[in-house]
Amino acid sequence: MDECLYFTRRTEGDKGHIMAWAFKKKCPKCGALMGKPVEKGKVKIRAKEYVCGECGYTEEKAEHEASLTVSVKYTCPKCEHKGEEEIPFKRKAFQGTQAFVFNCSECGEKIGITKKMKAPKSKKKKAEVDPEDM
Ligand SMILES: [Zn+2]
Ligand SMILES: [Zn+2]
């Protein structure tokens, strides 16, 4: 998981499944992986920039994220089509919240990967909340 900047797995309705991840970007200067800055062993999740752990090269958050891609593996909650998509690392408005949005390639259903589960049905589901709330 160290290579992932973003990773989530969730269930949509009765049939749908979504797994989505984004790999960390390699530093253009030295090739090491870039990520949120770490201070005293803790990742600064709300930081406005990404840094290279090796050479300290810094990129502004918006610029950095614009160059990232989210890979998605899904089972459509509507038609149960299983597919894969690659979408830009850019959240859009979706059902009153911000989400990575894509369409089922089979039926066209709009599917959003929201920041957090809106209403976890049971406590078990808590583990599915994104490790990084960005
Ligand atoms: Zn570097
Ligand atoms: Zn579908």
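Cut-offs and rules
Residues numbered from 1 in each chain as written. Chains lettered and ligands numbered in written order. Predicted model: local features only at pLDDT ≥ 70, side-chain atom pairs only at ≥ 80, totals over all residues. Pairing = 2+ DSSP bridges. Helix = DSSP H or I, 4+ residues; strand = E, 2+ residues; numbered from the N terminus. Axes fitted to C-alpha atoms, helices over the stretch in contact; angles between N-to-C directions.

## Regarding the sheet that holds strand β12 (residues 110–114)
Strand order across the open sheet formed by three strands is β10-β11-β12, with antiparallel pairing between neighbours. Of all strands in the sheet, those bounded by a partner on one side alone are β10 (92–94) and β12. Here the strands of the sheet are splayed against their neighbours by 65 degrees on average, with no regard to which way each runs. Across three bridges, the pairing between β10 and strand β11 (residues 97–103) is antiparallel. Looking at β11, one finds that Phe94 is bridged to Thr97.

## Considering the sheet that holds strand β8 (residues 69–75)
In a beta sheet, neighbouring strands pair by backbone hydrogen bonds and run either parallel or antiparallel. Read from one edge to the other, the open sheet built from four strands follows the order β1-β2-β8-β9, with strand pairing classed as antiparallel. With partners counted over all chains shown, the strands left at the sheet margins are β1 (4–12) and β9 (82–88), one partner each. Strand-to-strand twist across the sheet, computed as the mean angle between neighbouring axes with direction ignored, equals 15 degrees. In terms of strand pairing, β1 meets strand β2 (residues 16–23) through eight bridges, oriented antiparallel. Along β2, the bridge assignment pairs Phe7 with Trp21.

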